[in-house]
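Structural overview for review
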Amino acid sequence: MNVLLTGGAGYIGSHIVRALQDAGQECVVYDNLCKGNAEAVPECELVVADVADGEALQNAFREHDIEAVIHLAAYIEAGESVEKPDKYFHNNTRIGLTLLDAMRECNVGKIVFSSTAAVYGTPERVPIEETDRLEPINPYGASKLCVEYMLRAYATAYNLGVVSLRYFNVAGAHPDGDIGEAHTPETHLIPLILQVPLGKRENIKIFGQDYGTPDGTCIRDYIHVCDLADAHVLALGATTPGEVKAYNLGNGEGFSVREVIETCRLVTEAPIPAEETPRRPGDPARLVAASQKAITELKWQPNFPELATIVAHAWEWHKNHPNGYET
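The text that follows walks through the structure, step by step, so that each part is easy to find. (Residues numbered from 1 in each chain as written. Predicted model: local features only at pLDDT ≥ 70, side-chain atom pairs only at ≥ 80, totals over all residues. Heavy atoms only, no water.)

1. Side note on the nonpolar core
Inside soluble globular proteins, nonpolar side chains tend to come together where they are buried. Ranked by size, the top nonpolar core spans 36 residues in total, and within it L5, I12, L20, I70 and L249 carry the most contacts. Taken together, the elements giving at least two residues each to this core come down to β1 (2-6), α1 (11-22), β2 (26-31), β4 (68-71), β6 (161-167), α7 (225-236) and β10 (244-249). Ranked by residues supplied to this core, first place goes to α7 with eight residues. Dropping the residues within four chain positions of it, L5 is found in contact with G13, I16, V17, L20, C27, V28, V29, Y30, I70 and L72. Core analysis: the next-biggest nonpolar cluster, separate from the first, contains 29 residues, M103, C106, F113 and V147 among them. (Core = buried A, V, L, I, M, F, W, Y, C linked by side-chain atoms within 4.5 Å. Buried < 20%, exposed > 50% of the residue type's maximum accessible area, 1.4 Å probe, protein only. Helix = DSSP H or I, 4+ residues; strand = E, 2+ residues; numbered from the N terminus. Contact = heavy atoms within 4.5 Å.)

In structure tokens, the structure reads:
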């Protein structure tokens, strides 16, 4: 199967490319490189273009005889989305429609969509199941849910096969150590913590200490990026014309911010000072996935469920690539 990955040169995309290649699939990366890195996908066909350019998309679909799309291109920062909702609805939602129309024009009938746990908002229960209420509390989650609704409508009207994968907190790096997380600026918790022993910051900030959790800090479910990538390969094989399927991807176990910091201290053998600061807008207290549906229906099985392993793989990448892909 020939697969096109929008945003495929990014952190998650580069690991999916590796998983697809290991599975014998042909893939093309379509990325404007505003966040991605060409060095992360050295052995893959790279089309440098924007998803907002429908004509360029159609050219890529036709030139490479694309049969399926994995749509990853998006802005992903919940806090920023509260301050700049226009940026998120323009980039995440509107380009989703451009992509779907280009797929229709070129008879590309399968899509795996990179969605998010943020579509649930503040959960009614934990762990969260796919049938739970969808009520985002920030524009980032809302922008992704809008695309899910569009996908549902296109599946019904145009026989599109859709799988939406709702990610929880993705972390870690490939065990080979040659690809990993490289954002500028960095906003994800584990790489931010690891910047302290690397000498890039003096401490790690804890945003909010008064949540209704055992130690007062937010609880999140962390999934290894390679396990996430494996789920995309399985999801491609699960697309059915005219049907929409949605799966949570997490480990089913939550860790507080304080617990993650302590795990990083143990892995790096560094003190890692922490500074307590006020809450950020748009942060639910607890997000933990029920992923049994993916395990049962996709036959997905995480290989790296332990937080210490996730942190160890991330630490190996960051200490050997302190400036990401920059030489």
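2. Thoughts on the layout of surface pockets
Taken as a whole, the second largest pocket holds about 430 Å³ of empty space. Forming the walls of the second largest pocket are 23 residues, and the residues nearest its centre are A182, H183, T184, N323 and G324. Of the residues in the lining of the second largest pocket, the class split is nine nonpolar, nine polar and five charged. (1 Å grid on protein atoms, 1.4 Å probe; cavity = no way out; pocket = protein on both sides within 12 Å on 5 of 7 lines; lining within 4 Å. Points joined across faces, edges and corners; volume = space filled by probe spheres on them. Nonpolar A, V, L, I, M, F, W, Y, C, P; charged D, E, K, R; others polar.)

3. Some remarks on the pairing of β2
Counting buried residues in β2 gives five out of six residues, a clear majority hidden from the surface. Here five bridges tie β1 to β2, and the two strands are oriented parallel to one another. Bridging from a neighbouring strand, L4 pairs with V28 of β2. A crossover connection joins β1 to the parallel β2 through α1; in handedness this β-α-β unit is right-handed. As judged from the four bridges shared by β2 and strand β3 (residues 45-48), these two strands associate in the parallel manner. (Pairing = 2+ DSSP bridges. Right-handed = clockwise from strand over helix to strand, strands pointing away.)

4. Remarks on the sheet that holds β4
Here seven strands make up an open sheet; going across it, the order is β3-β2-β1-β4-β5-β6-β10 and the pairing parallel. On the outer flanks of this sheet lie β3 and β10, each paired with one strand and no other. Neighbouring strand axes in the sheet, compared pairwise and without regard to direction, differ in orientation by 20° on average. The strands touched by helix α4 (residues 85-105) are β1, β4 and β5 (110-116); relative to β4, the strand with the most contacts, the crossing angle is about 175°. Taken strand by strand, α7 contacts β1, β4, β5, β6 and β10, and its axis lies near 165° from that of β6. (Axes fitted to C-alpha atoms, helices over the stretch in contact; angles between N-to-C directions.)

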